[in-house]
Structure formats: C-alpha cells, structure tokens
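Structural description and commentary
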Amino acid sequence: MTLKLAVFASLNQVALVKRALQREGIYAEMLRTPRCLSHTGCSFALRCREEELAQLEKACSQWKIEPGGIFADMEDSSPVLDNDLLDEW
Amino acid sequence: MIYLDNAATSWPKPPAVARAVRNALIGGMGNPGRTNHNNSMNAALMVQECREQLAQLFGIPNPLRICFAANTTDALNLAIKGVISPGDHVLSSSMEHNSVWRPLVALEERGVELTVVATDASGVIDVASIERSIKSNTKLIAMIHASNVNGAIQPMAEIGRIARQRGILLLADAAQTAGSIPIDVEAMSIDLLAFPGHKGLLGPQGTGGLYVSERVDLRPLKEGGTGSDSMSPHQPLYYPDRLESGTLNLPGIAGLNESVRYLLRKGVARIERKEAALTHRLLDGLAKIEGVTVYGPAVRVTRAAVVSFNIQGMDSVSVAAQLEARADIACRPGWHCAGLAHRTQGTELTGTVRLSPGPFTKASEIVTALGVIAELAREAKIQRASGA
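Residues numbered from 1 in each chain as written. Chains lettered and ligands numbered in written order. Predicted model: local features only at pLDDT ≥ 70, side-chain atom pairs only at ≥ 80, totals over all residues.

**So, the overall build of chain B**
A count of helices and strands for chain B gives 11 helices and 13 strands. Taking 2.2 N^0.38 as the reference for a compact globule, 388 residues should give roughly 21 Å; the C-alpha atoms of chain B span a radius of gyration of 22 Å, in line with that estimate. Across its three principal directions, the C-alpha atoms of chain B cover 75 × 55 × 35 Å. By the burial criterion, 53% of the 388 residues in chain B qualify as buried. Partitioning the intrachain contacts of chain B with sequence separation of at least 6 by distance along the chain shows that 72% fall at a separation of at least 24. (Helix = DSSP H or I, 4+ residues; strand = E, 2+ residues; numbered from the N terminus. Rg over C-alpha atoms; globule rule 2.2 N^0.38 Å. Buried ≥ 20, exposed ≤ 12 C-beta atoms within 10 Å, placed from the backbone. Contact = placed C-beta atoms within 7 Å.)

Structure (structure tokens):
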C-alpha cells in the first residue's frame, strides 16, 4: 500500500482537514512531521492512502490551506528520504 | 436559588458541560500542537470540533478564523488593539460596556480619534447618526450588540451594511447575544465578533473567542509558542495560530464544545423565544408595581433578556440583598461595568437592579421575583409616607 504524507504548518490545519476527510469516510492519521521534513521547526502532518490524496487536496483547497509539501511515505512512519522519491506538491 | 443573573454568567449549564470538563481533567487531555501522543491529538480534534460548531452557530465560513480567548473583554482587546493605529478614527456608541469603552479611551490617549455616537435614552442607536459621524479616516465601528444594562439591541445588520458600503470594519460585542439571539456574521456584515463562552453559550467561565474575517488582519497582542513554525522568531501569519499563543483552556473548551452542541440541538431561535417570553412577563409585571422605574426600550420592543429597574427610595444594592434574603434570588445591582450606558439612561448616580433570565429560568420564578419586588416597593412607599 502506498501512503502519502501531507505536511502542514499547523496542527489546527491538520485537525480541520482530518475532520473534513472523516466526514467523507476517509481515515487519515495525524502525526508530528518527521524532523527530516520539518524545516521550520514544529509542524504536523496527515498520512493517508495514495488513492485518497485527491480528497485531501480537495479539502485543502476548500479551506484555502496550502500544505508545505506532500511526500511519499512508508507504513512504519519513516518517510522516504531519497530525493527522487519525494513528491513535492 | 432563583438565578436571574445570566447576563453576568449563565447558570445552570447543560449537564454535558460539567461531564466534559471533568473528563478533560481526569481523562488526561494533552496539549495540542506540542507533541504527537494520542491525548494531544484527540485534544486538537476536540478544539477543532468546537471551532466548527461555533462556526455553524454564527454562520462563519472558515472555522480557522475563530480564535479562542479567555472572555469577551480579552477578545475585544485583541480586536480593537490589533486593528487600530494612531490617526485612525473609531465610531462607538454611548451604550458600551467598559470592555469596549476603556480600550478605546486608552487608544484615544495615544492618538486615535474616537467618536461616541449618542443613543436615545432607551439605549438604541439611530443608524443615520452613525452614518453622519463617518470620516475619511474611520477604520472601525465598535458596537455592543445588546446592552448589558438594559437589553437594548442595536440594529447590527443595518450598521454592518453601512460599514461594508463605506469600507469600514465592524466589530460586534456579542457578550449578551451569543447563544441567546441568532447571529450570522455574513448576513450582518460583521468583520470581528467577540463572544463569551460562559454566558448565552452556556459554557464554562474562562472561555470566549474572536472571529476574524478574511477581510481583516490583526496585529497579535501577544507573541509566543503556538506549536507551529517554532524556528521562526516571528508569530505565524495564519489563523488561529496568529492570535493563540500559549496553552489553551482545554477543560474550558471541552465544556464549551458540549454547550454549543446543546445550543445547536435546541436552536438559538427557540431559546430567544423562551427568553423573550420570560422578559416580557417580567416587564409586564414590573410595569404594574407602583414605585418601580424600568429602564430601556418600551415594554413590547424586542430586547435581550436583560431588565434594569429601581424601586423609588431604595438603594439598588439593598434591593438585591433583600431579593436574596427573602427568596434566594440572585441578581446584580450597581453599575454593571458600564458607566457610559448608565450616563446615557440617567442612572449614573443610582445604578440599577438587573434581572437577567436564562434558558433554564421558569415562569414561576419570574412570578416569585415580581412578588418580592412588589412587597419591597410597598414597604418603601410606607417608609416614604412615614418620612423615615
């Protein structure tokens, strides 16, 4: 299963998008952004299945939230660090 | 106890409020935005749910534009001091609570131009007089939605329409109306809405908030930890983080989340009807008691559930003490932190006795209160006649 990690500036944004996805029946996990992807200090992220990414992007667009980036992710919560695999949005 | 002091803080609260506060304290509610354990994440979701419910209640398009505050005064200071700069002109009314009046006067002393537009003696503002007072540098209209002294309601939607047409921001102080009278920030063209959590919203004390429309960007009053962009020396630009530094009042917000859920289920319009019926009964009864003077709009004019009166020959503080001593009635005497409003209605030397029913007040309690007031008025009349 391919997972995506959407990084946000604030946990408030994460909570809003998570609840919007939840209303659509989609589970997205809230987590602290791994240090290697967190360039501005504390930030939070949502992890979802790749096929649900479009809904996540739709929710972000609806609420005018711009993620700091969307990355390929591993199930064990360690993000893929190979730059070629990074999927910047 | 017969509780008629809902304008100061509402009581009782829906049972779910106390349960939520208790669970927040006992169940281990984490600090959202600081870490990644479940208690912290669940707290963040609860806070977000509360923002969404408040957004639904007030017709707010984006819940992230609601910033939690400690109370309405806190929210009003955030709004007024965050938007006004020296050289700007502010319009306000002669019915304001000190939470608007004092910050504005403090700013006036620092170069802000202030116009206090006079209302009529009942406390209602003439919209044309607002329009006439607008200047080229008018930045903000800061206005109480309903008076905490006599319940007079300002025509907020009309004021909002004028403000929007003239490119002026409108700040509404909803201390007496949030949760008691329907508010729709879009329909009323409100740019900044300051509200308490512990009055009409039926939540715990120490809660409140400020809605900041996307037309406004506020300078924060305080900077600090937000759990976001930690390496930056500057406050985030995005909301609500921009205005929410430091740990939130999580137990309070947990309680508020449940009280707003209760209000959404009951419907604010239904609560408004019930409070209006109680208020009219109170006003009708007071009008029949000799020696009682009631202040504010005429008996049948719509007002918030706030009634101010005096008994001829009696100090308002003594009346309140007697109401408590004779029938365990809780109310508020004095000046209600609103000297300007008392000057407007001519009670600056006496203050008033304020009765404020709430959604849980019973009609029989109003009857009891009227009975005691009639008894006190009779006794005062006898004392006056005997020259005592």
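**Examining the packing of helix H3 (residues 72-83) of chain B against helix H4 (residues 98-108) of chain B**
Residue and element names in this part refer to chain B. In contact at an axis separation of 9 Å, H3 and H4 are set at 30 degrees when each is read in the N-to-C sense. Considering how the two elements wind past one another, H3 and H4 form a crossing that is right-handed. Contact residues: H3 offers Thr-72, Thr-73, Leu-76, Asn-77, Ile-80 and Lys-81, while H4 offers Ser-99, Val-100, Pro-103, Leu-104 and Leu-107. Class assignment of the residues belonging to the contact of H3 with H4 gives a composition of 6 nonpolar, 4 polar and 1 charged. (Axes fitted to C-alpha atoms, helices over the stretch in contact; angles between N-to-C directions. Left-handed = near helix turned anticlockwise from the far one by under 90°. Nonpolar A, V, L, I, M, F, W, Y, C, P; charged D, E, K, R; others polar.)

**Observations concerning the environment of B:Asp191**
All names here are of chain B. Counting through the fold element by element, Asp-191 comes out in the loop between strand S6 (169-173) and strand S7 (192-196). Residues Asp-191 and Gly-387, spaced 196 residues apart in sequence, show a C-alpha to C-alpha distance of 56 Å. Discounting chain neighbours no more than four positions away, the residues touching Asp-191 are Leu-169, Leu-170, Leu-171, Ser-213, Arg-215 and Val-216.

**With respect to the sheet that holds strand S4 (residues 113-117) of chain B**
Residue and element names in this part refer to chain B. Strand order in the open sheet made by the 7 strands is S2-S8-S7-S6-S5-S3-S4, with mixed pairing throughout. Taken across any chain shown, the strands that pair with only one partner, and hence form the sheet edges, are strand S2 (66-69) and S4. Going across the sheet, the axis of each strand differs from the next one's by a mean of 15 degrees, ignoring polarity. When strand S3 (residues 89-93) meets S4, the two strands line up parallel, connected through 5 bridges. What sits directly across from Val-90, in S4, is Leu-114. (Pairing = 2+ DSSP bridges.)

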